[in-house]
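Listed below, chain by chain, are the residues.
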Amino acid sequence: MSILEQEQLEKKYDPLDTTLKFVNRRDDLDPLYDDDGCLKAEMSCGHAVTPGSLTQWCRSQLDEGHYKFRCPAVVEGTKLCNKLWSYQEVRRLADLSAEEIQHFEETMARLAAAEYCEIQPCPQCGTYVERKDLTNLCVRCIICTADQKKTYQFCWQCQRQWKGAAPRSDRCDNDGCINRDLQLLQTCKTISLPEVEGVTDCPSVRACPTCGVKVEHNRQHCKNVSCPRCHVEFCFVCLKRKRKCSKTSSPYKICPSGVAPRQTSIPVWHRK
């Protein structure tokens, strides 16, 4: 058991906390774990949780690129509750520590920003800058421009002061300016998908065909994956969207077109 898992198990509600509604039933987030000695509290959706199970579930959602938390409790057959929880409710009932609050809020802010815009810190001053033209690597920092009283531009790719003509979508003129994500796509190892019949030699890293973010397959279950940034589901093998791929093949069999070759370009996300 990891230190993190141990910490979650040690979390307990204060039985004297009158702001919480305690219930005497199994944890709906972890129904197979039965600990009658652990107090459960009821979420706004009506499902029971412990502070540990709630923290673990919400951490897993952040790890998968989701900054909004929904109840995963099964309500009927395989149907999930899916009710949205507010962060304020999660923070209180998960009994988040100061360190966990910092991690949650920083991660949520980064994921929310990435959903709506492309941002990263200026290499000169550290201020976060938005790249509005996703086809141009030359970006101007307005803070450095104002401080230096002359235009300061940097390369989005190599994170150095811009050198050469602009705009450009491939590289600047600095030595060693390469697209490391594209290099990874072309040189990463190959993997098999043990549970998908016929898939034995597939690149281990793919660029999401919708937004271009790097995605890896955990080699478990079917061939479809969900992008952690745009949340579009696609086939890791043929790179088609899940709904299109599923028209011609099973999730557990190789696609009729076979394994798509290594990607030679990274898609640009055209946000709607």
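For the structure, check the block above.
Definitions and cut-offs
- Residues numbered from 1 in each chain as written.
- Predicted model: local features only at pLDDT ≥ 70, side-chain atom pairs only at ≥ 80, totals over all residues.
- Heavy atoms only, no water.
- Patch = residues over 30% accessible without salt bridge, like charges linked within 9 Å, V, L, I, M, F, W, Y side chains within 5 Å.
- Areas by Shrake-Rupley, 256 points an atom, 1.4 Å probe, with all protein chains shown as cover.
- Salt bridge = Lys/Arg side-chain N within 4 Å of Asp/Glu carboxyl O.
- Lys, Arg positive; Asp, Glu negative; His and termini not counted.
- Charge placed at Lys NZ, Arg CZ, Asp CG, Glu CD.
- Helix = DSSP H or I, 4+ residues; strand = E, 2+ residues; numbered from the N terminus.
- Phe/Tyr/Trp six-rings, centres within 6.5 Å; stacked < 30°, edge-to-face > 60°.
- Buried < 20%, exposed > 50% of the residue type's maximum accessible area, 1.4 Å probe, protein only.
- Lys NZ or Arg CZ within 6 Å of the ring centre and 35° of its normal.
- Contact = heavy atoms within 4.5 Å.
- Core = buried A, V, L, I, M, F, W, Y, C linked by side-chain atoms within 4.5 Å.

Enquirer: I would appreciate a short explanation of a positive patch on the surface in the present structure.
Expert: On the surface, a cluster of positive charge is contributed by Lys 240, Arg 241, Arg 243, Lys 244 and Lys 247. With respect to the element layout, Lys 244 can be found in helix α7 (residues 242–245).

Enquirer: When you look at the packing of aromatic side chains in this model, what are you seeing that I'm missing?
Expert: Aromatic ring pairs are described here by two measures, namely the spacing of the ring centres and the angle between the planes. Counting across every chain of the model gives three aromatic pairs. Look at Tyr 13 and Phe 22: their rings are 6.0 Å apart centre to centre, the planes differ by 55°, and that puts the pair in the tilted class. Taking relative accessible area as the criterion, Tyr 13 reaches 8% and is therefore assigned buried. On the accessibility criterion, Phe 22 (27% relative accessible area) is partly exposed. Judged by centre distance (6.2 Å) and plane angle (20°), the rings of Phe 154 and Trp 156 are stacked. The class for Phe 154 is buried, based on a relative accessible area of 0%. Lying across the ring of Phe 236, Arg 206 places its NZ or CZ 6.0 Å from the centre.

Enquirer: Help me understand the side chain of Asn 224, please; the structure alone is not making it clear to me.
Expert: Structurally, the position occupied by Asn 224 is in strand β16 (residues 224–226). The class of Asn 224 is buried, set by a relative accessible area of 15%. Beyond its immediate chain neighbours, meaning those up to four positions away, Asn 224 contacts His 217, Phe 234, Cys 235, Lys 242 and Pro 251.

Enquirer: Is there a simple way to explain the environment of Val 205 in this structure?
Expert: Position of Val 205 relative to the elements: it lies in strand β14 (residues 205–207). Looking at Val 205, the relative accessible area reads 7%, which means it is buried. Those residues in contact with Val 205 that lie beyond four places of it in its chain are Leu 184, Leu 185, Cys 188, Lys 214, Val 215, Glu 216 and Phe 236.

Enquirer: What am I meant to see in the nonpolar core here?
Expert: One broad rule of soluble globular proteins: the nonpolar side chains tend to lie buried together. Residues Leu 54, Phe 69, Trp 85, Leu 93 and Phe 104 are the most contacted members of the largest nonpolar core, which totals 24 residues. If you list the elements that add at least two residues to this core, you get α2 (51–63), α3 (87–93) and α4 (98–116). Not counting residues within four places of it along the chain, the set of residues in contact with Leu 54 comprises Leu 29, Met 43, Val 49, Trp 85, Val 90, Leu 93 and Ala 94. Judged by nonpolar contacts, the second largest core, of 22 residues, contains Cys 208, Val 237, Cys 238 and Cys 255.

Enquirer: Where do I start with the pattern of salt bridges in this structure?
Expert: Opposite charge on two side chains permits pairing when their charged atoms draw close. The full count for this structure, using the stated rule, is 10 salt bridges. A salt bridge links Lys 242 to Glu 233; the shortest N-O distance between them is 3.8 Å. Of the residues examined, Glu 233 reaches a relative accessible area of 39% and is grouped as partly exposed. Beyond isolated ion pairs, a larger network of salt bridges with shared partners links Lys 21, Arg 25 and Glu 42.

Enquirer: Which parts of the structure should I look at to understand unusual backbone geometry?
Expert: Note: most peptide bonds trans; most residues except glycine with negative phi. Cis rather than trans, the peptide bond between Ala 166 and Pro 167 has omega equal to 5°. Turning to its location among the elements, Pro 167 is positioned in the loop between β11 (153–155) and α6 (180–187). Unusually for a residue other than glycine, His 231 sits at a positive phi of about 65°. If you trace the backbone, His 231 turns up in the loop between β16 and β17 (233–235). Using a relative accessible area of 30% as the deciding quantity, one classes His 231 as partly exposed.

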